[in-house]
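Each chain, written out:
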Amino acid sequence: MKYIGKAMSRVDGVAKVTGKAKYASEFDVKNVAYGYVAQSRIAKGRIKSIDVSEAERQSGVVKVFTHLNAPKTKSSDDDFFALQSDKIVFSDQPIAFVVAESLEQARFAARLVKAEYEEEKPTSDPRSAPTVDSRSPKMRGDAPAALAASPVKFEAEYTIPIEHHNPMEPHAGIAFWEGEKLTIFIKSQGVQAFQGHLAKCFDIKPENVRVVSPFVGGAFGAALNPHYITFLTASIAREIKRPLKFNYTRRQMFTGHGYRPYTWQKVSIGAEKDGKLRSVIHEAVGNTSTIENFTESPNGFGRTLYECPNYHTPYKIAKTDLPTPTWMRAPGAVTGAFALESAIDEVAYQLKIDPVEFRLINYSEKDPETGRPFSSKALREAFKQGAAKFGWEKRKLEPRSMRDGNWLVGWGVAVGTWGAGQAPATVRIALSADGNARVGSATADIGPGTYTVITIIAAEFLGVDPAKVKFELGDSDLPNAPMQGGSITTASVGTAAQGAAMAIKTKLVGLAQKDANSPLAGASVDDVEMADGTLSLKSNAAKKVAVADVMKANGMTEIVETFTSTPNAERRNYRTQAHGAQFVEVKVDEDLGIIKVTRVVEATACGRIINPKASHSQEMGGVVWGIGMALQEETAVDHRYGRMMTTNFATYHIPVNADVQSVETAFVDEEDKIVNPLGIKGMGELCLVGIPAAIANAVFHATGKRVRDLPITLDKLI
Amino acid sequence: MRPFKYSKATNAAGAAKAVAGNKNAKFLSGGTNILDLMKEDVARPDELVDINGIASSQIRSTPAGISVGALAKNTDTANHPLVRENYPLLSQAILAGASEQIRNMATNGGNVMQQVRCLYFYDTAVNCNRREPGSGCSAIVGLNRTYAILGWSEHCVAVNPSDMAVALAALDTKVNIQMADGKTRTIPFTELHRLPGDAPHDDKALAHGEMITSFEIPKNKFAANSYYVKVRDRASYSFALVSVAAALELNGKTITTARIALGGVANKPWRAFDAEKFLAGKAATKENFEKAAELELKSARPLEFNEYKIELSKRAIVRALEKAV
Amino acid sequence: MTDYNERPDSEELSDDERAILSELGESRRKFLGTVSATTFGVLAAQLLAEQEILANYRVPEDAVFAPVAEENAVSVTLNINGTKRALSLDSRVTLLDALREKLGLTGSKKGCDHGQCGSCTVIVDGRRVLSCLTLAATCEGKTVTTIEGLAKGDDLHPMQEAFIKYDGFQCGYCTPGQICSAVAMLDEAKRGQLSYLSENIRGKARAVKLSDDEIRERMSGNLCRCGAYPNIVKAIREVHTGTEVAETWEFVKEGVNDAAV
């Protein structure tokens, strides 16, 4: 491969470092008005009366909308829509939308909206909220009986608090209408999903809606759903008959797009004295809202990871008077991994077995759920390589046995796994006679480097320099692509890009062979190499023809091919997962409890790496997220008010530069011909999954204190 | 943010007069706190008097010590040769706070006058005695992990967030104040902030329209033996859970004079007078440091979620003293 | 229809933007050397798409506008990226909102609007500050450098080059603030300014050679949720020292490191 697997700087680099990359709220639309929401101070009840007269009197105010006069959705989707009725279902729910000529005017007027409420007592604490059973896979074997019969038993409870994505770019949109046609610039991980949403809301044809989102300032799941911003911006723009801009404030981000749910988990493990797992019962209760049943799969995390004949994962959700949760980077998996990978560590200590060794004892060679083989699984190799890189063999088993001056040193390990998914995707490529290629697909690039990775794949298979490839995304007018979520983008869109490039090659070879004297006469497409603007025989490079000449001879200036890739059927005979072994060193100030994550090694087996440079960046991101989740992040809810309180960056801590030290990545060789032709698995979630548990395990190794409630703030250690 | 009239003052007396003349007027210096609060609708001035043009940003030596202008930026103060050489504790404390961007904007006067960062003070949807006197304190039985253990009242349990103020309190600083009637007055820094009592909204010793013009820090012999410890929830750019400014004057291994102040534990920088008194004349040993810390925290009263701060404060005092030696 | 959003120059494309557009629209030949040509590709495609989307839009005659009365208007003249700008603004307008909403300089980002993230960092009179907590009214006579003012035409600032080289960003939203902050931070180090980690406080101010820990502490006012911090540190280190920094990733294969486990 000429470009695939080689480190490449991002093709959107210059746009980003010069400030010229335009995010949703930055498009220069003339005559734009500014929107700002007023929000409910109660969490549950109804609006008795609402007075907008003072707000409307303010200078520059165009109009104020409430549930009494705001446009209503025509969609029956049960998502939350703002200003649809007098009912209040969470604190900070929008109750009015002020439109003004300037941001300053709209913001001020929104403060003057006065509401009277009929207030009910909210239940925001999942521990006291009513629960409903949720989907969970069938029990494997008989876990309770096997647990009872096990010679070694372990049981512990773990909690994680509500956490928020907090991408640096707050959600934003600009919408305008031209007759029945809507154009909206909006932060989105899937422009076509948003297009479909808006078409339903207005009951118009999808082709009358154009959603544009070329740059997304981080999302991590927060922009998978349209949330209330999308319909509100579009519908109010239609009312005022002019462009409207609406941005969430940072505080509004906490109630405007969902969050990782609070989750309580109990892990019961039965094992043999030699460490062989006999039974795992991993229970979970996550919170949801009263209006939607949000579920993920926190406790399903370990089902394919360990060879354990009896496995049970009951899952419930608690209905709270809070906004609905949503998917947040490594949804479910990182939550479940924190509990299970902590519990595994605890059992390993109980048995005095090295935690890496313990995991290898229970290593699943094939999918324990179905008995099907893994399409590939280089986790054992990842353990080996990661341990070597980290220096794991120097670790002492006992807690509090390693020191660096005043600092207690702890080494911890955990495993991450994430499904290697793929969804149907379409890519169009226009290759022109001069060798330039325009490539398009309605995917997104929220930061992983999709612009670059698809450019690389297209360049590879078109045989052109990446500099000649222009990849466009983030526009619903482009060919179909799935949302950017679940770590499937490169596997999906990349496969389509490869397919489209191959289609162009096939077409060119066919065109060339129309000439009976062609040097390629009689050759199959596979016999031909396309590179640097020429088609040549692999067996004899001297037999060649210029692409430009082929096009010219056929009266063409460009060739356009569109290719749709779908997951191949063979995948169904396998379990397709990516894996990683994640090693962490922490240092803990013995007296003050301060925790530093000084070193992390990510050994990742996730199929083929297209661009190691950006992939390593993903790994770093996963580590930083893991540090945040393990040590800092918590959206604290005051249950008296049913209100999220730590709704800014001063009180919702995410890691700063000084919190992050050495992060190293080892990409473990893994060839996988099953998942897709290029063997791509994805890694954006995987790299986070085991980190919080690895940190918690390292903190235990350093201090002898097992903290089972995240975040591990220093007060829990002193 | 409410509409407000913006004007620029050119001298301290004029600024004080302008603000005193309008009960809804506020001074604007660095802006890092007031604008934050205005955007949250917590501060609602209808007039801002910009005092950045007033000439009170000098840092100079005086016969008694140094004078530090209230309008000097935090960065310039921390890096000033006179401060670096003679009051490294002050440099350290300033540099422990916020980020360089904020220190480049924030003035010394603004820093010590900044508001508490209480969750409930900042949220207009809930009650707060400081924001709406008489409405009740939501924090006292609320999310109070980061709140006060010393000197709080049933009316307010918030803590003063300034790092700089902790060092100034330890260094026996005096505060020069411009009054609205054109006169000036001077108070000890330890009297600038008040415990909340029954009036947390009125927790600074400045009347409306009064303005700090400078700080006087007396000469001392602490420069070689001082240290600022800050314990927080992340490695940088966050407020203190507990901080300690410690300064010692040593004669061999014996402590002649000790100065200790705590941050993050009370509504004012907490001068540890009991600990200081205990340490005077004692040997600079860990055992004595521990005894001093124990003594000082005797009067501490925890809230539901912050009991850890008592032990943490003790250990931070010991750490700061050890580092100072 | 009156355009109420007066933006002095925002309709005008900068020289390089114009170059990109004509490049994409016409000849398509390489024009910036290998790396840059690719990196400008995305920008060019976006500009072209935006132009096409907005080209035909006209506000309808029955659009709803409010009568405009600038409250507490303040006049301020300042120098932004080498150009003198005279503005009349509502006193509430921050420097950040003036840049983004009035001047079309959207490179400076709004991440929190409360001084808690650093995305809005710009350089005013040689110092990095937060434009979200700076009232535009207070900027009379000041010199402001934003991310748009760092490159000289097509020549990127060394810090911009280094951020690309070391992949010091992912989503790119905190990036302008990081870069402005880093540029000013290295000047601070040259001036011998202290940080929380400085050990020799009592010494005279001398140019500081920054350790990685020092860079981390000094850059902690700029949050990055994608977690690009280690690469940001590398980029800054190279600009600071002039020496290349090693990669921290590798491909590993079976049989290379069998010693452990």
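Residues numbered from 1 in each chain as written. Chains lettered and ligands numbered in written order. Predicted model: local features only at pLDDT ≥ 70, side-chain atom pairs only at ≥ 80, totals over all residues. Heavy atoms only, no water.

**Examining the overall build of chain B**
This is how the line gets drawn: Helix numbering and strand numbering both begin at the N terminus, where a helix is a DSSP run of H or I of at least 4 residues and a strand a DSSP run of E of at least 2. Our radius of gyration looks at C-alpha atoms and nothing else; its globule reference is 2.2 Å times the residue count to the power 0.38. The cut-offs for exposure are 20% and 50% of the maximum accessible area for each residue type, with area from a 1.4 Å probe on protein chains only; residues under the lower value are buried, those over the upper are exposed, and the others partly exposed. Residue contacts follow a heavy-atom distance rule, with two residues in contact if any of their heavy atoms lie within 4.5 Å. Using a 1.4 Å probe, accessible areas were evaluated by the Shrake-Rupley method; residue-level cover was limited to the displayed protein chains. Positive charges are assigned to Lys and Arg, negative charges to Asp and Glu, while His and the chain termini are left out of the count. To locate a charge, the coordinates of NZ of Lys, CZ of Arg, CG of Asp or CD of Glu are taken.
The helix and strand tally for chain B stands at eleven helices and twelve strands. For 325 residues, the compact-globule formula gives about 20 Å, and the C-alpha radius of gyration of chain B, at 19 Å, lands near that figure. Viewed in the frame of its principal axes, chain B has a C-alpha envelope of about 60 × 50 × 35 Å. Per-residue burial over chain B gives 64% buried out of 325 residues. Of the contacts formed within chain B by residues at least 6 apart in sequence, a portion of 64% connects residues at least 24 apart. Summed over all atoms, the accessible surface of chain B reaches about 11,200 Å², with 50% contributed by carbon and sulfur. Between the averaged position of the 41 positive side-chain charges in chain B and that of its 33 negative side-chain charges there is a distance of 3 Å.

**Quick look at the sheet that holds strand β30 (residues 662-668) of chain A**
The strands that make up a sheet pair up through hydrogen bonds in the backbone, lying either parallel or antiparallel. Which entries qualify depends on this criterion: Following DSSP output, two strands are said to pair if at least two bridges run between them. Fitted lines through C-alpha atoms serve as axes, helices being fitted only where they are in contact, and the angles separating the N-to-C directions of these axes extend from 0 to 180 degrees.
The strand order across the open sheet built from six strands is β17(A)-β18(A)-β26(A)-β27(A)-β30(A)-β6(C), with neighbouring strands paired in mixed fashion. Edge strands, defined here as strands with exactly one partner in the open sheet, are β17 (402-404) of chain A together with β6 (249-252) of chain C. Strand-to-strand, the axes of this sheet are offset by a mean angle of 25°, without reference to chain direction. Bridge analysis of strand β27 (residues 595-605) of chain A against β30(A) gives six bridges, and the strand direction is parallel. Paired with Val600(A) across the bridge in β30(A) is Val663(A). Lying on the sheet, helix α10 (residues 379-390) of chain A is in contact with β18 (407-419), β26 (577-589), β27 and β30 of chain A together with β6 of chain C; it crosses β26(A) at an angle near 25°.

**Notes on the interface of chain B and chain A**
Inclusion rule: Here the term charged refers only to Asp, Glu, Lys and Arg, the term nonpolar to Ala, Val, Leu, Ile, Met, Phe, Trp, Tyr, Cys and Pro, and the term polar to all other amino acids, Gly among them.
In this assembly, 33 residues from chain B lie in contact with 32 residues from chain A. Here the side of chain B that touches chain A takes five residues from helix α11 (residues 308-324) of chain B, the largest share from any one element. Tallied by class, the residues present in the side of chain B that touches chain A amount to 17 nonpolar, five polar and eleven charged.

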